[in-house]
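Examination of the molecular architecture
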Amino acid sequence: MTNTNRRILSATLALALLALAPAALVAQTPRQDIPAKPGDLKFAPLSYTPPKREKYRHVLSNGVVVYAVEDNALPLVNVSVLVRTGSYLDPAGKEGLAALTGSQMRAGGTTSKTAEQFDEAADFLAAGISSFIAGTQGSASVNVLTKDVDAGLALFFDMLRNPAFQEDRLKLAKSQSLQAMERRNDRTDAIENREWTRLVRGDAHFTAKDSTKASIESITREDLAAFHKRYYQPANFIFAVSGDFETKQLLAKLEAAMKDWPSTKMAVPEVPKPDFTPVAGVYAVHKADVNQGRVTVGHLGSMRDNPDAFALSIMNDILGGGGFTSRITSRVRSDEGLAYSAGSSYGLGTYYPGVFQASFQSKSPTTAQALDIVLEEINRIRTAKVSAEELETAKNYAVEIFPRFFATAGQIAGTFAQDEFTKRQPDYWDKYRERVRAVTADDVQRVAQKYLAPDKLVVLVVGNIDDITKGNPDRPQHSLVKVGGGTVKRIPLPDPLTLVYPATQ
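Thresholds, definitions, all that
- Residues numbered from 1 in each chain as written.
- Predicted model: local features only at pLDDT ≥ 70, side-chain atom pairs only at ≥ 80, totals over all residues.
- Heavy atoms only, no water.
- Helix = DSSP H or I, 4+ residues; strand = E, 2+ residues; numbered from the N terminus.
- Buried < 20%, exposed > 50% of the residue type's maximum accessible area, 1.4 Å probe, protein only.
- Contact = heavy atoms within 4.5 Å.
- Areas by Shrake-Rupley, 256 points an atom, 1.4 Å probe, with all protein chains shown as cover.
- Lys, Arg positive; Asp, Glu negative; His and termini not counted.
- Charge placed at Lys NZ, Arg CZ, Asp CG, Glu CD.
- Pairing = 2+ DSSP bridges.
- Axes fitted to C-alpha atoms, helices over the stretch in contact; angles between N-to-C directions.
- Parallel < 35°, antiparallel > 145°, perpendicular 65-115°, else oblique.
- Nonpolar A, V, L, I, M, F, W, Y, C, P; charged D, E, K, R; others polar.
- Arc of directions from axis to C-beta.
- Expected span 1.5 Å × (residues − 1).
- Core = buried A, V, L, I, M, F, W, Y, C linked by side-chain atoms within 4.5 Å.

1. Points about the overall build of the protein
In terms of regular secondary structure, the protein is built from 19 helices and 14 strands. The principal-axis extents of the C-alpha atoms in the protein amount to approximately 95 × 70 × 60 Å. Among the 505 residues that make up the protein, the fraction classed as buried is 47%. For the protein, long-range pairs separated by at least 24 residues make up 81% of all intrachain contacts whose partners lie at least 6 apart in sequence. Counting only carbon and sulfur atoms, one obtains 54% of the accessible surface of the protein, whose full area is about 25800 Å². For the protein, the distance from the average position of its 60 positive side-chain charges to the average position of its 57 negative side-chain charges is 2 Å.

2. Re the sheet that holds strand β5 (residues 138-145)
Across the sheet, which stays open at both edges, the six strands sit in the order β1-β2-β6-β3-β5-β4 with mixed pairing between neighbours. What marks the edges here is a single partner per strand, and that holds for β1 (57-59) and β4 (128-133). The sheet shows a mean angle of 15° between the axes of neighbouring strands, direction not considered. Lying over the sheet, helix α15 (residues 409-422) contacts β1, β2 (65-70), β3 (76-83) and β6 (237-243), oriented at roughly 170° with respect to β6.

3. A closer look at the packing of helix α11 (residues 309-321) against helix α12 (residues 327-335)
At their nearest, the axes of α11 and α12 sit 5 Å apart, and the two run at 0° to each other. It follows that α11 is roughly parallel to α12 by the angle criterion. Residue-level inspection shows I318, L319 and G320 of α11 in contact with α12, the latter providing R327, I328 and T329. Of the residues that constitute the contact of α11 with α12, the class distribution is three nonpolar, two polar and one charged.

4. Side note on the side chain of S330
Residue placement: S330 occurs in helix α12. Assessed through its relative accessible area of 19%, S330 is described here as buried. If we skip the residues at most four places from it in the chain, S330 touches F324, T325 and D335.

5. Side note on the sheet that holds strand β14 (residues 489-490)
Backbone hydrogen bonds hold the strands of a sheet together, and the pairing may be parallel or antiparallel. Strands sit in the order β10-β12-β8-β13-β7-β14 across an open sheet of six strands; the sheet is mixed. Where the open sheet ends on each side, the last strands, each with one partner, are β10 (342-346) and β14. For strand β7 (residues 281-286) and strand β13 (residues 458-463), the ladder comprises six bridges, and the chain directions are parallel. Of the residues in β13, the one forming a bridge with V285 is V462.

6. As for unusual backbone geometry
Notably, F165 is not glycine yet its phi reads approximately 50°, a positive angle. Structurally, F165 can be placed in the loop between α5 (149-161) and α6 (167-182).

7. Section: the side chain of S364
Structurally, S364 is set in the loop between β12 (355-363) and α13 (367-383). With residues near it in sequence (within four places) discarded, S364 still touches V290, N291, Q292, G293, N464, D467 and I468.

8. Some remarks on the pairing of β6
Judged by how many residues are buried, β6 sits mostly within the fold: seven of seven residues are covered. Because side chains alternate across β6, one face comprises the buried residues F237, F239, V241 and G243, and the other comprises I238, A240 and S242, equally buried. Inspection of the sheet shows β2 paired to β6 by six bridges, in the parallel sense. For V66, the partnering residue across the bridge sits in β6 and is F239.

9. Things to note about helix α17 (residues 441-451)
Those residues of α17 that fall on the buried side of the exposure criterion are A441, V444, Q445, V447, A448 and Y451. End-on view of α17: buried residues confined to an arc of 165°, all on one side of the axis.

10. Remarks on α6
When the terminal C-alpha atoms of α6 are compared, their 23 Å separation across 16 residues agrees well with the 22 Å that a helix rising 1.5 Å per residue should span. Those residues of α6 lying buried are R169, L170, A173, K174, L178 and M181. In this structure, the buried residues of α6 make contact with α3 (97-107), α4 (115-124), α8 (213-218) and α9 (221-231).

11. Focus: the packing of α11 against α17
Two elements in contact, α11 and α17, have axes separated by 9 Å at closest approach and are oriented at 90°. Classified by the interaxial angle, the pair formed by α11 and α17 is roughly perpendicular. Judged by residue contacts, A311, L312, I314 and M315 of α11 engage D443, V444, V447, A448 and Y451 from α17. Split into classes, the residues belonging to the contact of α11 with α17 amount to eight nonpolar, no polar and one charged.

12. Focus on the environment of V79
Checked against the element boundaries, V79 lands in strand β3. Sequence separation between V79 and D466 is 387 residues, and the spatial gap between their C-alpha atoms is 52 Å.

13. A word on the pairing of β13
Each regular strand carries side chains that alternate between the two faces of the sheet. With six of its six residues buried, β13 lies for the most part within the structure. Across the two faces of β13 the burial is the same, with V458, L460 and V462 and V459, V461 and G463 all buried. For strand β8 (residues 292-300) and β13, the ladder comprises five bridges, and the chain directions are antiparallel. Pairing of G298 across the sheet is with V458, part of β13.

14. Some thoughts on the nonpolar core
By size, the foremost hydrophobic cluster in this structure holds 64 residues, and its most contacted members are I314, M315, V332 and L452. Sequence-distant contacts of M315, that is, excluding residues within four places in its chain, are made with Y346, I381, V444, V447, A448 and L452. Residues A68, V83, M105 and V268 belong to the second largest nonpolar core, which totals 54 residues.

Shown next as structure tokens:
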């Protein structure tokens, strides 16, 4: 490098450093408006006004309710429909009929298109089309580009109105269902869910009536067609529509799609309530090939229209529903390191009482210890008031997540459609935050004493019961047998295809 070049480089560097000097000086000077500690930060009060249900609610000429929310951010339209049907309507001996009807409406083609042609048409439009039937409602949806909305709606309504239930697709679905049944006793979470439902709902309730090999094999294409014809008609529909459209035009398209669709308006049977009282005690399902115990403890909950519903939700958030800030999670997971996850929920049912339950999974030797901690926390929240900090944390969380229910156009339409379907009180969202803020520590203790019943607790343990019963020799005070008052009732595994339980294990 020549001397001239060195001088040019030195001058360039000097100018660069000079240009940076003011920024460096500014960076070293503390700003007066920045607090010294994060705890000193001040935030403006959250201000959020929820959308009004009436703004988006429309009624078509045939009486069908549509919630339509425009959103032009993306060239997409999403149309969903809720249907008054459900697996609770399965005839005795044909358990699984509703679920098969829901899935095969999408998979089994239509009267004008084979299943393969329908799939190809949906793929050509890049349209997402789905259909299913759950316990207390059916649902179907289509998501399509704005430019293809007419073609997408044509496919969607063809599926809704004219399913063909193609025999080969139905045969495949039934075969897959039977294969899944064979694995029913393989996973402890599946066993836990099945047996817990039986313990709190009884064998006679639809929630505990799973399909069997015989029920699936008895279902015919004609059964699916009859089930569809009975429940899939406009009188049983509620639509939720969101995306890139003009509401007036979209409503006209829905009108046209259903203009000649007859509707008998026959009343759909009400969802049945369980006629069963759970029996308190410790129940165990032995599975020798696992080294952890899955535990659920609880009893019946309440209804969502209970005046104490908000206090119950806050109480549960503090007890075990609030993640790392909740008592059960903190003690079982964080303090003792006995489980990766632990928590609780307090079910507020729509058609019948929900279920209160606390759950965790722990190593076999420490299962009883973790269970004792859960029981201690259930008793503690009943006998002593929660702290002001716990109460404030739970209430703030409930208030601050409130806007999430309406974060997108799809959520607005879906929330209001679901409210209409389940007949929620129209002022629920308007008064939500007010009711949350009104909850006091006295309210939390009062509802804990009223709605948590230690003497009615059902405890279900799934795992290697022999190892779990032995417990931890270093902590003999924790014992599954002690929790059960000296008795642990064994539940044998049923035949996976018939669900027939042996008389003895």
